[in-house]
Structures are given as C-alpha cells and as structure tokens.
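The lines below spell out each chain.
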2 protein chains.
Amino acid sequence: MIQRLCVIGVGLIGGSLARALRQAGEVGEVIGSGRGEDNLRAAVRLGVIDRYDTDPIRAVAGADVVVVAVPLGAIEPVLRAIVPHLAPAAVVTDVGSAKGSVVADVERIYGHVPPHFVPGHPIAGTEQSGVEASFATLFQGRRVILTPLAETAAASHHLIRRMWELTGAEVVDMGVRHHDAVLAATSHLPHMLAYTLVDTLARLDDRAEIFRYAAGGFRDFSRIASSDPKMWHDICVANREQLLEMIALFSADLARLAEAIRADDRAAVLAMFQRAKRARDNLYLE
Amino acid sequence: MIQRLCVIGVGLIGGSLARALRQAGEVGEVIGSGRGEDNLRAAVRLGVIDRYDTDPIRAVAGADVVVVAVPLGAIEPVLRAIVPHLAPAAVVTDVGSAKGSVVADVERIYGHVPPHFVPGHPIAGTEQSGVEASFATLFQGRRVILTPLAETAAASHHLIRRMWELTGAEVVDMGVRHHDAVLAATSHLPHMLAYTLVDTLARLDDRAEIFRYAAGGFRDFSRIASSDPKMWHDICVANREQLLEMIALFSADLARLAEAIRADDRAAVLAMFQRAKRARDNLYLE
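Residues numbered from 1 in each chain as written. Chains lettered and ligands numbered in written order. Predicted model: local features only at pLDDT ≥ 70, side-chain atom pairs only at ≥ 80, totals over all residues. Heavy atoms only, no water.

Some words on the domain arrangement of chain A
Reports of interface size often rely on the accessible area that becomes lost once the parts have come together. All names here are of chain A. For chain A, the assigned domains are domain 1 (2-174) and domain 2 (178-284). The largest per-residue losses of area from domain 1 upon contact with domain 2 belong to Ser97, Glu127 and Met174, which jointly make up 44% of the total buried on that side. Summed over the shared surface of domain 1 and domain 2, the number is zero salt bridges. Taken together, domain 1 and domain 2 are joined by five residue pairs in polar contact (both at pLDDT 80 or more). Of all the secondary-structure elements, those providing two or more residues to the side of domain 1 that touches domain 2 are α4 (72-82), α5 (100-110) and β7 (120-123). Its residues assigned to classes, the side of domain 1 that touches domain 2 comprises seven nonpolar, six polar and two charged. (Domains from an automatic or database assignment. Buried area = accessible area lost by both parts, 1.4 Å probe. Salt bridge = Lys/Arg side-chain N within 4 Å of Asp/Glu carboxyl O. Polar contact = N/O pair within 3.5 Å; in protein donor to acceptor, adjacent residues only side chain to side chain. Helix = DSSP H or I, 4+ residues; strand = E, 2+ residues; numbered from the N terminus. Nonpolar A, V, L, I, M, F, W, Y, C, P; charged D, E, K, R; others polar.)

So, the pairing of strand β1 (residues 2-8) of chain A
Residues and elements named next belong to chain A. Of all seven residues making up β1, five are buried, and the element is well covered by its neighbours. The pairing of β1 with strand β2 (residues 27-33) spans six bridges and is classified as parallel. Bridged to Cys6 within β2 is Ile31. One crossover worth recording links β1 to the parallel β2 by way of helix α1 (residues 12-23), and it is right-handed. For β1 and strand β4 (residues 65-68), the ladder comprises four bridges, and the chain directions are parallel. Note on β4: the bridge partner recorded for Cys6 is Val66. (Buried < 20%, exposed > 50% of the residue type's maximum accessible area, 1.4 Å probe, protein only. Pairing = 2+ DSSP bridges. Right-handed = clockwise from strand over helix to strand, strands pointing away.)

Section: the packing of aromatic side chains
Per the counting criterion, the structure on display carries six aromatic pairs over all chains. With 4.2 Å between their ring centres and 15 degrees between their planes, Phe273 of chain A and Tyr195 of chain B make a pair best called stacked. Of the two residues, Phe273 of chain A is situated in helix α12 (residues 266-284) and Tyr195 of chain B in helix α7 (residues 176-202); the pairing between them involves two chains. The buried category is assigned to Tyr195 of chain B, whose relative accessible area is 0%. (Phe/Tyr/Trp six-rings, centres within 6.5 Å; stacked < 30°, edge-to-face > 60°.)

What to know about the interface of chain A and chain B
Chain A puts 82 residues into the contact, and the matching count from chain B is 82 residues. Taking both sides of the interface into account, the surface hidden between chain A and chain B amounts to around 7800 Å²; carbon and sulfur atoms contribute 69%. For the pair chain A and chain B, the number of links is six salt bridges. The partner of Asp264 of chain B in a salt bridge is Arg240 of chain A, with the nearest N and O atoms 2.5 Å apart. Going through the elements one at a time, β8 (143-146), α7 (176-202), α8 (207-212), α9 (216-222), α10 (229-238), α11 (240-262) and α12 of chain A are the ones with two or more residues in the side of chain A that touches chain B. For the side of chain A that touches chain B, the leading source of residues is α7 of chain A, giving 17 residues. For the side of chain A that touches chain B, a count of residues per class yields 48 nonpolar, 12 polar and 22 charged. (Contact = heavy atoms within 4.5 Å.)

Considering the relation of the copies chain A and chain B
Note on the copies: chain A fits chain B at an RMSD of 0.1 Å, the axial shift is 0.0 Å, and the rotation between them is 180 degrees. The operation mapping one copy onto its partner corresponds to a two-fold rotation axis. Residue Phe221 of chain A, judged by its C-alpha, is the member of chain A lying nearest the rotation axis, at 2.1 Å. (Least-squares fit on C-alpha atoms with pLDDT ≥ 70 in both.)

Right, dumping it as structure tokens:
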C-alpha cells in the first residue's frame, strides 16, 4: 500500500505504526528520522525501520507517506523544514494529541491547510516511550481520530484512514475543535489530576510514609503521572483553552463536593457518588 | 488459634478474612451476622461461615474474637448492641477505613476505650462488595494497620495482630490521627477525585461521545469511582476534617497548575510534571 514510509520521531507511536504496517506487509521501505541517533540505531536493530537519516529533509525524499510522530511542540519546526522537500504526491499526517494547534501550525507554514495534510490522533499509548517500547499490536482495537478539513483531499484522507485501519484500529472522523474538547475531558484533564495528586502527596512532610501506604486504587490512579512530562507540557500549551475550561469545571465540582462534606449534607454526597458509580459502571459494564 | 469467630458484616472484607483463617486452619467455628439474610445464606453455601444469626446479639455469644466488618456508619449501633452480650474474654476489632471516628464511637458507648477493643484497618479491597466477591488471598502481601491505644491490652493487640498475619498480611501499628491523615492522602482523596471526575464528565452535553473516546488512562483512573457509594459516604463523614484538608491542598495545587498553564509559564508546568513523574516512578519502580 505504501512504497516508502518516512516516520519522523520513531518512538512508541511512530515505531508501533511502522511495526504494524510491516507486519501487515503493507509497506515497502521505512525510513526513520529524529533527533536521538541512539534511538534510530535501535530502531534499525529492532527491524522497525530499514534505515534512518537524522536530517528530516533528506529522510522525506521520495516518501509517499510522511508520519510526523514528534511531540506537539516539535511539529511546527519539523513541518517547516520538510515542506519544500516533500515528493509531489506525498501525503503528510501527524499523531498529536491536540489538533487545533497542529492545524494552526500548518496554516502558519503554508498560509493555508494544504490538501495533502491529514491531521490524526491515535488514542493509544502506554506510560513508556522510545522505540524499545513500541509493538505491532499497540493500535489493535483502539480508536484513531482523523480531523480532515474542508481543504483536505479525499484521496489523502482515504490513504491515511486505510493506513491506520491496517494496524487494526477503528478510524473515526471528527471536527478539530470537537476532538480537542473530547480529549481535554477524557485524557488531558485526568493527566492533570494524576500529576497534581502525586505532586501534592510528594510535597507532604510525611511523604515517605504516605507513599508506603498508598493502596491499590492510588497505584492505578497515579499510573498516568509516569507519562512523559515534555509530551504533556506540549499538550498543555497546545490545548490550553479547552483544558483550562475542563479544569475549571472539575474544580467547581470538587469544591461543591467539599462543601457538601463540610456542611454534612450527607444526601448530596451520597447522591453524587451514586451518580458517578452509575455512569462509570454503564461505561465499561464491568 | 481462634475457637469461635464472629464476623458481623460478611462482605468482601469480612468474608475474605473468614476464608483466609479457615484456609490457614486457624479457626474453629465461624458465625456470621449482618442485615442481608440472602448474603448470609450465600456465605453458608460458599462455606465462608458455618452458620449465621441476623441478630448480632445472639451471633456474638461465646465468640472469642468478634470482627465488626460493617460500613463505618453502622459500627456504633452494632457495637452498642453487642457490648452487654460479649463473652468475658472476647476481643473485638473492626475494619473501618477511618479510625478516629471508630475510637470516638467506642468512647461514646463505653465512656472509655476498653482494653479488649483493637481498632484495625486492612488496606485491601476491590470495587466489588458482598460475600460472593470475597476470596482467601485478598490480604496476601497487603498491609493491615492497627491503631491500638494506651488503654489497649497487649494480649488483645497481639491476638488481632496474629489473626491478620495468618491471612498473609503485613501488620503495622500506627497512631489513630496519623492513620487518618495517611489514608486521607492516599485513599480518601483519590476516591473523591475519581468520583468527581466521572461526575463532571457525565454531566457534559456530549457525555455519550466523551465516554466513547475515554482512553486507557481514564479507565484506570476512574475504576475506583465504581466503589460502593454508601461506604464512601460513611468515610467522608468519618474522616471529614482530614479529608477536607487534603482536598484543600490538592485544589490549591491544581489551581496553581491551571494558573501556570494560563500564564504560559512553561518551565513551571514542565517542572511540576517532572517532579510528579520522579515521585511516582520512585514509588513503584516500574
């Protein structure tokens, strides 16, 4: 399906995509690029890519699909560098966790959103990063959201959709703003809560003892605070408005719960827990 | 070790304790009590208890150990009922997730803390409840905190310690207030955050779609929002002050993070995430 795939940023996401497409027998050659040469060497050794070039300008030469799988904050400089060097028929996509900022980046570079650019976001990952953590089945049964614009060419859109389907993912289309709102609620806010919780506890006087007695719930709850800080820093910058809106909503609800506890309004406390349990149980049916 | 064990509240905790002691061959007869007769019948059928009496007054007759494994809010009425009917040498313990309120309950009933009462808290559990969810290995490798007081008899303390050790748990002693502070931080606060997060999202206009795209992190994070609402309502009432203090600390930290994001103070955001990741990774070394 793809003759020459260029993956810029051969980490957990980019590496897993390359592995999945190789395993599906749907890619000819895979060229990697990125800033960490050790990581690229490991990617060759692991058979994730065929070869690499640390210079993305040379890496994209002749590629029919270019996947920019770098942190959100690095997308603009990477795109700016490669744009003049893309093959005429190249289709470009990204994997950023926020899409409004990526579209704005693209508009700044091109003056418009070019038909060959398809913004994408695979909702998959672990707390690990780097090519060593990548695996071919990462996207199986997971959702990949594409946010094509009015300007996006149908052929480019379909090619990227097909590429992700080959990894076993379910691909859905969504508007850019809507994507960012949904992700602010379901992913970005929870990460802020996990980071804040761990940080709050880590700054208590008896933190050593507190962490010693942290129970199972805390372990699950705080796992996402092990995620890559730089990546999450970039997400905060990229999806600032919608994330702040969700933090404000959550904070108001938490303040309301605290007030009910303080006022000994037991009916309100119980009703809130019951509502949440019902919503959560309906969600996962476990 | 125990001739006759009486478990009042044969749910996940009480049932698992009975199962573990039976499996260890360290208990003669197990009598169950509680309000749900269906649950007690299931407990007999499952071999968790030998017999039951829905009246705790009759159930405690001749028992050398009485475990009060009911929700925090039910401990006082249960204790008040059984106190005149305990065998002279009976040792009584509880499994409540807050200890200050239990000690206050006991003081209200007796006018003091009697030497045969040993406040306890096994830090174990799942989101399930009821005897059907109980299993003998629930406490293996988990911690059980005992908060004996100056008035507690050494023999009673050692008996309850030994009982929990037989389940495979690691038993530690702690002051009452200190226990409640540690649990407010590591368990009660995270549960409030999980309940609030799910409730916040469940009240958004596009909640159906939002839950559809909830990613893996959210699943782990929100699992504890499936916990028993009544039990958590009781914990909020029982540990109100220390819980409110932790919510206030967390809220201030979350507001500080939001302010850093709003002000585009990228260094502060990154530093906070890095600090949290370091603390979390050091904690579990995974």
